[in-house]
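# Tertiary structure, described
Single-letter residue listing:
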Amino acid sequence: MKLLKSLLNQRTRSRTVTFALVIAAYIGVTVFKASGNMTRMVSSLLVPVCCYIVAAIGLNLNVGFSGELNLGQAGFMSVGGFTAAIVNGLTLSMIPNDIIRLILCIIAGAIMAGFVGWLISIPVLKLEGDYLAIVTLAFGQIIMSLLNNLYVGVDKAGVHFAFMTNTLSLQEGGKMIVSGPMGVTGNTMISSFTAGFVLILVSLFIVFNLMYSKEGRAIQACRDNKIAAETVGIRVSSTKTLAFVLSSALGGAAGALYMMNYSSVAATKFDFNTSILILVYVVLGGLGNMTGTVIATTVLVMLPEMLRFLSSYRMLVYAIVLIVMMIITNNEKVLSATESFRRKMKKKGA
Amino acid sequence: MAFLSYLIGGLGLGSVYAIIALGYSMVYGIAKMLNFAHGDVIMVGAFMAYFAISKYHLPVLVGVVLAVVVCTILGVVIERLAYKPLRHASSLSVLITAIGVSYFLQNSAMLLWGTDTKIFPTVLSGSLTVGSLSVPYLTLITILTCIVIMIVLTLFINRTKTGRAMRACSEDKGAAALMGINVNRIISITFAIGSGLAAIASILLVATYPSVYPTLGSMPGIKAFTAAVFGGIGSIPGAFLGGLVLGVVENLSRAYISTQLSDAIVFMVLIVVLLIKPTGLLGKKVNVKV
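As the structure is a computational prediction, the values presented were derived from the model and not from experiment.

## A short note on the overall build of chain A
The helix and strand inventory of chain A stands at 14 helices and 3 strands. Against the 2.2 N^0.38 benchmark of 20 Å for 350 residues, chain A shows a C-alpha radius of gyration of 21 Å, consistent with a compact globule. Going through the 350 residues of chain A one by one, you find that 52% of them count as buried. Taking the contacts inside chain A whose residues are at least 6 apart along the sequence as the reference set, 71% of them involve residues at least 24 apart. Counting only carbon and sulfur atoms, one obtains 66% of the accessible surface of chain A, whose full area is about 16,500 Å².

## As for the pattern of salt bridges
Opposite charge on two side chains permits them to pair, given that their charged atoms come into close proximity. The full count for this structure, using the stated rule, is 9 salt bridges over all chains. Between D224 of chain A and R223 of chain A there is a salt bridge; the shortest N-O distance is 3.0 Å. By relative accessible area, D224 of chain A is classed as exposed at 56%. Judged by relative accessible area, R223 of chain A falls into the partly exposed class, the value being 33%. For K223 of chain B, the salt bridge is made with E250 of chain B, and the minimal N-O distance between the two is 3.3 Å. With a gap of 27 residues between them, K223 of chain B in helix α9 (residues 218–231) and E250 of chain B in helix α10 (residues 236–256) connect regions that are remote in the sequence.

## A short note on unusual backbone geometry
All names here are of chain B. For K32, which is not a glycine, the phi torsion comes out positive at approximately 55 degrees. Relative to the elements of secondary structure, K32 occurs in the loop between α1 (2–31) and α2 (38–55). Positive phi is not limited to glycine here, since H57 has a value of about 50 degrees. In this structure, H57 sits in the loop between α2 and α3 (60–83).

## So, the packing of helix α5 (residues 137–159) of chain B against helix α8 (residues 183–208) of chain B
Residues and elements named next belong to chain B. In the contact formed by α5 and α8, the axes pass within 10 Å of each other and the chain directions differ by 170 degrees. In terms of orientation, α5 and α8 fall into the roughly antiparallel class. Residue-level inspection shows L138, T142, T145, I149, L153 and F156 of α5 in contact with α8, the latter providing I193, L197, I200, L204, A207 and T208.

## Section: the side chain of N60 of chain A
All names here are of chain A. As for its placement among the helices and strands, N60 is situated in helix α3 (residues 40–65). Residue N60 is classed as buried on the basis of its relative accessible area, which comes to 0%. A polar contact is formed between the side chain of N60 and the backbone oxygen of G286, at a distance of 3.3 Å. Among all residues touching N60, those that are not within four sequence positions of it are F65, V282, G286, L287, G288, N289, M290 and T293.

## Some words on the packing of aromatic side chains
Per the counting criterion, the structure on display carries 21 aromatic pairs over all chains. Judged by centre distance (5.8 Å) and plane angle (70 degrees), the rings of Y258 of chain A and F270 of chain A are edge-to-face. On the criterion of sequence distance, the pair formed by Y258 of chain A in helix α10 (residues 236–259) and F270 of chain A in the loop between α10 and α11 (272–285) is long-range, its members being 12 residues apart. For the pair formed by Y258 of chain A and F270 of chain A, the shared burial category is buried. With a centroid separation of 5.6 Å and an interplanar angle of 45 degrees, the aromatic rings of F272 of chain A and F36 of chain B are classed as tilted. Highlighted residues: F272 of chain A in helix α11 and F36 of chain B in the loop between α1 and α2, drawn from two different chains. This pair shows no difference in class: F272 of chain A is buried, exactly as F36 of chain B is. Joined through ring pairs, the aromatic side chains of Y52, Y258, Y262, F270 and Y281 of chain A make up one cluster.

## Digging into the nonpolar core
The biggest cluster of nonpolar side chains holds 197 residues, and the ones touching the most others in it are L71 and L279 of chain A together with F36, Y83 and F225 of chain B. Element by element, the count of residues in this core is highest for α3 of chain A, at 16 residues. Contacts of Y83 of chain B, omitting those with residues within four sequence positions, involve M33, N35, A37, I78, T97, A98, V101 and F191 of chain B. Membership of the second largest hydrophobic core comes to 5 residues, among which are A218, C222, A229 and I234 of chain A.

## What to know about the pairing of strand β2 (residues 158–163) of chain A
All names here are of chain A. Here strand β1 (residues 150–155) runs beside β2; their pairing, made up of 6 bridges, is antiparallel. Residue D155 lies in a different strand from β2, and its bridge partner there is G158. The turn joining β1 and β2, which pair antiparallel and follow one another in sequence, is formed by 2 residues.

## Some thoughts on helix α7 (residues 193–211) of chain A
All names here are of chain A. For α7, which comprises 19 residues, the first-to-last C-alpha distance of 27 Å matches the rise-based estimate of 27 Å (1.5 Å per residue) to within 8%. Within α7, burial applies to F193, A195, G196, F197, L199, I200, S203, L204, V207, F208, L210 and M211. Packing partners of the buried residues in α7 comprise α2 (13–34), α3, α5 (98–124), α8 (214–224), α10 and α12 (290–306).

## Some points on the interface of chain B and chain A
Counting residues at the interface gives 45 residues for chain B and 41 residues for chain A. For the pair chain B and chain A, the summed buried area comes to about 3,700 Å², and 82% of that belongs to carbon and sulfur atoms. Our enumeration of links across chain B and chain A arrives at 0 salt bridges. The interface formed by chain B and chain A includes 4 residue pairs in polar contact (both at pLDDT 80 or more). When contributions to the side of chain B that touches chain A are tallied by element, the ones reaching two or more residues are α3, α4 (91–113), α9 and α11 (262–276) of chain B. With 13 residues, the top contributor of residues to the side of chain B that touches chain A is α4 of chain B. Counted by class, the side of chain B that touches chain A contains 32 nonpolar, 12 polar and 1 charged residues.

## What to know about the pairing of β1 of chain A
In terms of burial, β1 of chain A is largely enclosed, as 6 of its 6 residues are buried. Burial along β1 of chain A is two-sided: the face carrying L150, V152 and V154 of chain A and the face carrying Y151, G153 and D155 of chain A are both buried.

## Some thoughts on empty space enclosed by the protein
All names here are of chain A. Applying the stated criterion across every chain, the model contains 4 cavities of 30 Å³ or more. Looking at the lining of the largest cavity, the elements with two or more residues in it are α4 (73–91) and β3 (175–179). Here the element with the most residues in the lining of the largest cavity is α4; it accounts for 3 residues. Looking at side-chain class alone, the lining of the largest cavity contains 4 nonpolar, 6 polar and 1 charged residues.

## Here's the deal with the confidence of the model for chain B
When the pLDDT values of chain B are averaged, the result is 89; 98% of them are 70 or greater. Per-element confidence in chain B is highest for α3 of chain B, whose mean pLDDT is 94, and lowest for strand β2 (residues 127–130) of chain B, whose mean pLDDT is 82.

## Overview of the confidence of the model for chain A
Averaged over every residue, the pLDDT of chain A is 87; the share at 70 or more is 96%. For chain A, per-element mean pLDDT is lowest for helix α1 (residues 2–8) of chain A, which scores 67, and highest for α10 of chain A, which scores 94.

## Considering the environment of L4 of chain B
Mapping L4 of chain B onto the fold places it in helix α1. The spatial distance from the C-alpha of L4 of chain B to the C-alpha of V135 of chain B is 9.7 Å, given a sequence separation of 131 residues.

## Focus on the sheet that holds β2 of chain A
All names here are of chain A. The antiparallel open sheet is built from 3 strands, whose spatial order is β2-β1-β3. Of all the strands in the sheet, the pair left with one neighbour each is β2 and β3. Shown here is a sheet whose adjacent strand axes are inclined to one another by a mean of 20 degrees, direction ignored. Here β1 pairs with β3 via 4 bridges, running antiparallel. Bridge pairing in β3 links V152 to V178. Taken strand by strand, α4 contacts β1, β2 and β3, and its axis lies near 180 degrees from that of β3.

Parameters and conventions
Residues numbered from 1 in each chain as written. Chains lettered and ligands numbered in written order. Predicted model: local features only at pLDDT ≥ 70, side-chain atom pairs only at ≥ 80, totals over all residues. Heavy atoms only, no water. Helix = DSSP H or I, 4+ residues; strand = E, 2+ residues; numbered from the N terminus. Rg over C-alpha atoms; globule rule 2.2 N^0.38 Å. Buried < 20%, exposed > 50% of the residue type's maximum accessible area, 1.4 Å probe, protein only. Contact = heavy atoms within 4.5 Å. Areas by Shrake-Rupley, 256 points an atom, 1.4 Å probe, with all protein chains shown as cover. Salt bridge = Lys/Arg side-chain N within 4 Å of Asp/Glu carboxyl O. Axes fitted to C-alpha atoms, helices over the stretch in contact; angles between N-to-C directions. Parallel < 35°, antiparallel > 145°, perpendicular 65-115°, else oblique. Polar contact = N/O pair within 3.5 Å; in protein donor to acceptor, adjacent residues only side chain to side chain. Phe/Tyr/Trp six-rings, centres within 6.5 Å; stacked < 30°, edge-to-face > 60°. Core = buried A, V, L, I, M, F, W, Y, C linked by side-chain atoms within 4.5 Å. Pairing = 2+ DSSP bridges. Expected span 1.5 Å × (residues − 1). Buried area = accessible area lost by both parts, 1.4 Å probe. Nonpolar A, V, L, I, M, F, W, Y, C, P; charged D, E, K, R; others polar. 1 Å grid on protein atoms, 1.4 Å probe; cavity = no way out; pocket = protein on both sides within 12 Å on 5 of 7 lines; lining within 4 Å. Points joined across faces, edges and corners; volume = space filled by probe spheres on them. pLDDT = per-residue confidence, 0-100.

Right under this line is the structure:
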């Protein structure tokens, strides 16, 4: 009874709704998949959707919750993805169990991306507004160029790294894991839709726990008014760092899961456009609104595939949908209409 | 001598960035928005010039004029249809709309003109030789164009009535409107000038790197945006300086350090500069009052 009450508590209701939605969607998709009616295209999108949802949840923590415009989330995804690929290549013979290896890869990806996020946050959080945004963009580009020139191979003697040119001379039976501009090659695919679903639940759990905690309120306070937050004794820089690092770690976990879904992925997959795409999901889902993020990401990742019947016009329609959606949701008449509707519903409910 | 020629090459590239960055910076100064579709206006300009010069064999000057006219109109139309309804919306909504416009322009170009890369004809060859130093005429013209644009624009902003109105709008839109300035008209003019400049930059760009394709504008767009922030966004001399520095850094690191890592080095320099001067080279420091 107490649990039920806490589930339907006014304050935490959105958490319950989000979890219920994700679980229902998972059951629905699994049943649909088992019935054999799912096209290959849709089923091939299931894991990427999960990845983008996790990355978007992380970014929403940063953009919506902490109020810092981050244009480099794809960079953290690539750090997580490449780390996971290396870990996967190393432990392939040691740990035969795919699930344990996948968990290990995702954790390694998240930790590495979180660490890089922490390093980057030191200069980034000294800046504000658009200057902060451009520095995150710059870091995204730097990470991409560096990974594009990275060579990693593994053989009996251990792991070998090279930079710029492939100078690795692997022993017999050795294998390249990362080969420069070609990116990760020969990766063993171990992702699954269930793993994606669990990762979404875990990241939602982390984010919601943070949101309703003391630290979460401190993050919001720093977003709304830095100076006021400082005067009540909140340590602004460490609070903002917490949000930034957690956001990049979630991005890294998403990237790790993404990487484990393909046998080869180039670093250029995680470019500026990918960062922007995730930002679009976050903004359309609603800043600070995790339920919205999950729905918007799912719809927007699926939309170009759903529009496939329009063939070459699909991306054009996608662009128009994006613009029109933004104009409508910001129209004053529409805003006041939804507001009065909401008030009416509340009156009825009370 | 080799260093000097790399330096001049860098200044040429930097001039193109500077002209694009001017458009970014002006729009930012007045509409307070990051116009991510600016790079794609460059692409449209390049296609216009390509069709005029290569396909219909019109004189180069006609191609330039056509590109400028089309881009100017395009800029104003984009502003009216997509950005004007969002005048009072949050800056993130406007940013997403700009991204939508960017997708729209890229995909329209793919549908209309195909995804293949077209080769822009050589419009100007030969180079000026002084001693052992040889500088292509094209680079000289690029640098000269940039300087002329810079001077004309500075005079326009500081000396004319419209320029004064622009400065007023960038300072305080509400107060400007009370002074009898038609704010919407000023914003349209800003977009027109920015897009016209983008067209000029596009021709200088494809004359140097002669391939024309639908996503041509993305990378120069990002670089110019970086240049605008580098110099202090909203500041016109800042955009000019930022563009030149960025071009020189890029060209020198390409020549002396590594071609593959030149982008990484450019962005690294940007980060270091922003750490020392958090509002860019010539940006205004805004004091926040409690």
